[in-house]
Every structure is written in structure tokens, then in C-alpha cells.
Amino acid sequence: MSTTERTYIMIKPDGVQRGLVGKIIQRFEERGYKLIAMKLVQPTEQHLENHYADLKGKPFFPGLIKYMASGPVVAMVWQGLDAVKTGRAMLGATNPLQSPVGSIRGDFCLAVGRNICHGSDSVESAEKEIKLWFPEGVVQYTSALESWIFE
Ligand code: UDP
Ligand code: MG
């Protein structure tokens with residue numbers, strides 16, 4: 001397991017509108033993950049169709065694209081030990097009603113179609129999503145906390 005594993009985390013339009021940006025970022029910071037890219041963007045439907053390409057054909061796909069294009073999103077890359085799997089655990093289940101209390105979805109939302117955040121589901125999807133959302137690349141820097149977070 002690598003301390004430089006990266007995951008793509010996105011705060012969806014409802015998370016931005018509801019003022020949850022700071023709280024969601026805080027959870028990743030406090031857990032010990034390192035922020036290596038972040039921007040507020042209004043995504044196009046075409047871009048979102050690429051992002052969710054593997055869901056094309058699902059009955060909820062048109063509604064999902066409309067929801068995701070309804071306002072700006074916060075696109076981020078977080079790096080650290082087991083970032084993909086632990087990132088998903090921090091978000092909770094796809095359906096907020098099945099998300100444990102203490103997870104982001106389990107604490108802040110109720111409906112599957114308004115579940116406020118996205119996280120990559122595998123290291124391979126993370127690499128693909130990071131390239132798609134950050135074609136300009138991520139930021140390399142040394143965190144002063146690293147030796148206090150990792151052995
Ligand atoms: N979604 C939905 N209805 C469903 C399943 C998914 O509206 O029955 C939405 C939901 O916002 C979810 C997104 O589509 O986050 C992507 O679905 P996926 O299965 O990839 O879930 P995730 O990886 O986000 O947990
Ligand atoms: Mg997914």
C-alpha cells in the first residue's frame with residue numbers, strides 16, 4: 001500500500017450550494033490526506049458524460065447528468081495511504097440512507113440523486129478521472145506534516 005496513492009474527490013453542485021465545501025475538505029485534511037489539486041468548475045454535459053461513461057444506459061443517467069451540470073463543482077485530488085478505498089469509506093455508500101453516521105453522506109444528505117460528493121472507485125478510475133479533470137496536472141510539494149502522519 002502506497003502513501004502516494006491518489007483519489008479524485010468532487011463536491012457535487014448540491015454540496016457547493018448547501019455550503020458544505022469547507023466541512024468536506026476539513027474531513028480529508030484532518031484524516032491526514034494531502035491536497036494536491038483543487039478547482040471550482042462549471043462542468044459541461046459532455047465532460048460529465050465522459051466522467052460517468054460507464055453509467056451510460058442506466059435509467060438514472062440523464063437525470064444524473066442534469067443534476068451534475070446544474071451548478072459548479074469542486075474538483076480535488078487527495079493523496080495518502082489507501083486514498084481510494086478509505087476516501088470511499090469517508091464518503092459513505094452511494095445511497096445516503098445506507099451510509100453510516102460519521103460518513104460524509106451519512107451525516108449531510110438523504111437522497112441518492114443528491115448525495116453531495118463523488119469519489120473514485122478504484123486506483124485505475126482515479127488515474128482516469130484525475131487526467132480528465134486535471135489535464136494541466138497536479139501540484140507537487142512537500143507537506144511539513146508527513147513524518148507525523150506516516151512512520
Ligand atoms: N445515482 C442515482 N441513482 C442510482 C444510482 C446512482 O442517481 O440508482 C447517482 C448518484 O448520485 C451516484 C452517481 O449516480 O453517486 C454515480 O453512481 P455510482 O454507482 O458510480 O455511485 P458512486 O460511485 O457515486 O457511489
Ligand atoms: Mg461511481
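If you're wondering where the values come from, they're calculated on a predicted model, not measured in any experiment.

Here is what the cut-offs are and how they apply
- Residues numbered from 1 in each chain as written.
- Chains lettered and ligands numbered in written order.
- Predicted model: local features only at pLDDT ≥ 70, side-chain atom pairs only at ≥ 80, totals over all residues.
- Heavy atoms only, no water.
- Near = heavy atom within 4 Å.
- Polar contact = N/O pair within 3.5 Å; in protein donor to acceptor, adjacent residues only side chain to side chain.
- Areas by Shrake-Rupley, 256 points an atom, 1.4 Å probe, with all protein chains shown as cover.
- Patch = residues over 30% accessible without salt bridge, like charges linked within 9 Å, V, L, I, M, F, W, Y side chains within 5 Å.
- Salt bridge = Lys/Arg side-chain N within 4 Å of Asp/Glu carboxyl O.
- Lys, Arg positive; Asp, Glu negative; His and termini not counted.
- Charge placed at Lys NZ, Arg CZ, Asp CG, Glu CD.
- Helix = DSSP H or I, 4+ residues; strand = E, 2+ residues; numbered from the N terminus.
- Contact = heavy atoms within 4.5 Å.
- UniProt positions renumbered as here; feature names shortened; annotations may be inferred.
- Buried < 20%, exposed > 50% of the residue type's maximum accessible area, 1.4 Å probe, protein only.
- Arc of directions from axis to C-beta.
- Phe/Tyr/Trp six-rings, centres within 6.5 Å; stacked < 30°, edge-to-face > 60°.
- Lys NZ or Arg CZ within 6 Å of the ring centre and 35° of its normal.

### A word on the site of ligand 1
Link 1 in the chain: Around ligand 1, the structure places Lys12, Tyr52, Leu55, Phe60, Leu64, Arg88, Thr94, Arg105, Val112, Gly113 and Asn115.
Link 2 in the chain: Here an oxygen atom of ligand 1 and a backbone polar atom of Val112 are 3.0 Å apart.
Link 3 in the chain: Interatomic distance of 2.8 Å between a side-chain N/O atom of Asn115 and an oxygen atom of ligand 1.
Link 4 in the chain: Contact with the protein chains removes 77% of the 500 Å² of surface that ligand 1 exposes when unbound.

### Looking at a negative patch on the surface
Link 1 in the chain: A contiguous patch of negative charge, built from Asp54, Asp121, Glu124 and Glu127, is present on the exposed surface.
Link 2 in the chain: With respect to the helices and strands, Asp121 occurs in the loop between β4 (117–119) and α7 (123–133).

### Considerations on the environment of Cys117
Link 1 in the chain: Structurally, the position occupied by Cys117 is in strand β4.
Link 2 in the chain: Beyond its immediate sequence surroundings of up to four residues, Cys117 is in contact with Met10, Lys12, Leu91, Ile104 and Arg105.

### Observations regarding the UniProt feature "binding site: ATP" (unreviewed entry) in the chain
Link 1 in the chain: UniProt records the feature "binding site: ATP" (unreviewed entry) for Lys12, Phe60, Arg88, Thr94, Arg105 and Asn115 in the present numbering.
Link 2 in the chain: Positionally, Thr94 belongs in the loop between α5 (83–91) and α6 (104–108).
Link 3 in the chain: The exposure class of Thr94 is partly exposed, given its relative accessible area of 46%.
Link 4 in the chain: Dropping the residues within four chain positions of it, Thr94 is found in contact with Arg105, Val112 and Asn115.
Link 5 in the chain: Following the sequence through the fold, Asn115 ends up in the loop between α6 and β4.
Link 6 in the chain: Within the structure, Asn115 has its side chain in polar contact with the backbone oxygen of Val112 (distance 3.4 Å).

### Observations regarding the side chain of Ser125
Link 1 in the chain: For Ser125, the position within the fold is in helix α7.
Link 2 in the chain: The exposure class assigned to Ser125 is buried, which follows from its relative accessible area of 15%.

### What about helix α4 (residues 61–68)?
Link 1 in the chain: All buried positions along α4 are accounted for by Phe61, Leu64, Ile65, Tyr67 and Met68. Each buried residue of α4 lies within a common arc of 160° when the element is viewed along its axis, so the set occupies one face. Seen from the open side of α4, the exposed residues pointing more than 90 degrees away from its buried face are Pro62 and Lys66.
Link 2 in the chain: Structurally, α4 contributes buried residues whose contacts are with β1 (6–11), α1 (13–17), α3 (45–51) and β3 (73–79).

### Regarding the pattern of salt bridges
Link 1 in the chain: On inspection of all chains with the given rule, the structure shows four salt bridges.
Link 2 in the chain: Asp107 is the salt-bridge partner of Arg27, the closest N and O atoms lying 2.9 Å from each other. With Arg27 in helix α2 (residues 21–31) and Asp107 in helix α6, the pair connects residues that are 80 residues apart, well separated along the chain.
Link 3 in the chain: Residue Glu146 pairs with Lys34 through a salt bridge whose shortest N-O separation is 3.4 Å.

### What to know about the UniProt feature "domain: Nucleoside diphosphate kinase-like" (unreviewed entry) in the chain
Link 1 in the chain: Within the UniProt annotation, "domain: Nucleoside diphosphate kinase-like" (unreviewed entry) is assigned to residues 4–141.
Link 2 in the chain: Across residues 4–141 one finds 41% helix and 17% strand; the C-alpha atoms that close the span lie 12 Å apart.

### What about the packing of aromatic side chains?
Link 1 in the chain: Summed over the entire model, instances satisfying the criterion amount to three aromatic pairs.
Link 2 in the chain: The interplanar angle of 15° and the centroid separation of 5.5 Å between the aromatic rings of Tyr8 and Trp133 together place this pair among those described as stacked. Placement of Tyr8 in strand β1 and of Trp133 in helix α7 is noted, with a sequence separation of 125 residues between them. The same class applies to Tyr8 and to Trp133, which are both buried.
Link 3 in the chain: Taking NZ or CZ as reference, Lys34 lies 4.7 Å from the ring centre of Tyr141, over its face.

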